[in-house]
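# A structural walkthrough
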Amino acid sequence: MPGNLKATTPNRYIKSDLKSYKKIWEEEHPCRWSYMKILREFSTIKSVYPEINPFCEVYRMRDNLYAIFNESFDGAGDVWMFLIDGPQKALLIDTSFGVGDLKGLCRKLVGDKPLIVVNTHNHFDHCYGNAQFEETYCYEAEVFNIQRTNNPHIWDYLFDENGEGIYAGGFTKEDIIPWHEYRVIGVPANHIFDLGDGYEVELIPLVGHTSGQSGYLDRHNRILFTGDTTGLGMAAPGDEHPENCTVEAQAECYRAIWARKDEYDGVFPSHGALDQTKTVVKYQLDALEAVLKDPDNYNETRVFERNGVKHESRLKYIFQGTGLRYSPDRVYKSQVLGEGK
């Protein structure tokens, strides 16, 4: 049976020609599942290049924009990367898990143009392929986080003691391009990446999920790439910007980008449905403002333990979306200022 038809999950299957398949998988959002089912099984814009990278599907979303899909290798969400083919340079947004030859796939799609690699944030499904490249750019507040994962042991958690994939199968450690240290370059808010002939992509701070989470605005295609935004994270020890991992900080970012709504039409998140309307930005902002007004006005809550400490995680529904997950002790900047310094 091809692809993830081998998976041992309760989900209805999506046929796949990918070499990888899922072993452990959380229940998918119903609307997201139906979108991915139609896209992956029936889309006419899909291509695969198994001779280069058998773990990726490529979708041509615009004349010069490719969405590159990876199934999850660790039981979390399937992930999107995005490749913009500019007039003189190309730009790759995120590098996923680093399983398979991503660099070779990019070369197949855009040729030998200089390739700029940028990250939305430091999480495993967004930056563990960075080591296939010599350098990567990110929002300056995220440099600390990405440097923490700039080491050869980042993939250890994917495998058991026998070298078998724990959460996914169909791949081995030999499918991971060997790690080498790469340069992490932090840039300020609203930094412009010039792809030639006036083609500009702007870094947009969208903090909260991590202290330096960012999106990217493709001014030519009028697309906002938003990364991960619905779950508010917790700053790592030593992070100089713990106040960014708050509802208040993310709300400031969303007010700013919603004020610029005339500059983009489509919204491309790193998980789930692509080419959403700009109203999803407003719905996200509405949820953030509601929590700021009353942090106790939530829809769901759960308690979990991390490093021996219990934490509460609350969920505020986002209209026509998923939900904003936050901690009651990380709503306002004043609650965490000075925490990581």
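In this report, the structure presented in the accompanying data block is examined. All values derive from a computational prediction rather than experimental measurement. Counting from 1, residues in each chain are numbered in the order their sequence is written. Where totals are concerned, whole chains, interfaces and linings use all residues; where local detail is concerned, this predicted model gives features only for residues with pLDDT of at least 70, and gives and counts side-chain atom pairs only at 80 or more. Excluded from the side-chain calculations are hydrogens and water; all other atoms, namely the structure's heavy atoms, are used.

## Things to note about the side chain of threonine 226
The helix count covers DSSP runs of H or I at least four residues long, the strand count covers runs of E at least two residues long, and both are numbered beginning at the N terminus. Among the structural elements, threonine 226 can be located in strand β14 (residues 223–227). Accessibility here uses a 1.4 Å probe with only protein chains present; expressed as a share of the type maximum, an area under 20% marks a residue as buried, one over 50% as exposed, and anything in between as partly exposed. Residue threonine 226 is classed as buried on the basis of its relative accessible area, which comes to 5%.

## A closer look at the sheet that holds strand β17 (residues 300–306)
By this definition, two strands are paired if DSSP reports at least two bridges between them. Pairing in this open sheet of 3 strands is antiparallel, and the strands run β17-β18-β19 from one edge to the other. Of all strands in the sheet, those with a lone pairing partner are β17 and β19 (323–326), marking the two edges. Geometrically, the sheet is characterised by an average inter-axis angle of 25° between neighbouring strands, direction not taken into account. Summarising the sheet, strand β18 (residues 309–317) and β19 pair through 4 bridges and their orientation is antiparallel. Bridge assignment links tyrosine 317 to a residue of β19, and that residue is glycine 323. Every axis in this analysis is a line fitted to C-alpha atoms, fitted for helices over the stretch in contact. Angles between the N-to-C directions lie between 0 and 180 degrees.

## Remarks on the sheet that holds β14
An order of β11-β12-β13-β14-β15-β16 is seen for the 6 strands of this open sheet, with the pairing classed as mixed. One side of each edge strand has no neighbouring strand; the edge strands of this open sheet are β11 (192–194) and β16 (276–277). Pairing analysis gives 3 bridges linking β11 to strand β12 (residues 200–205), with the strands arranged antiparallel. Looking at β12, one finds that isoleucine 192 is bridged to glutamate 202.

## Observations regarding the nonpolar core
Trp80, Phe82, Leu91, Phe193 and Phe225 are the most contacted members of the largest nonpolar core, which totals 56 residues. Here tryptophan 80 is in contact with Met36, Leu39, Tyr59, Ala67, Ile68, Phe69, Pro269, Ser270, His271, Gly272 and Leu274, once residues within four sequence places are set aside. Buried Ala, Val, Leu, Ile, Met, Phe, Trp, Tyr and Cys residues that are joined via side-chain atoms within 4.5 Å together make up what is termed a nonpolar core. If you look at the next biggest cluster of nonpolar residues, it comprises 17 residues, including Ile68, Met81, Leu115 and Phe133. Contacts are assigned to residue pairs that have any heavy atoms within 4.5 Å of one another.

Function cannot be inferred from these measures alone, as they are strictly geometric.
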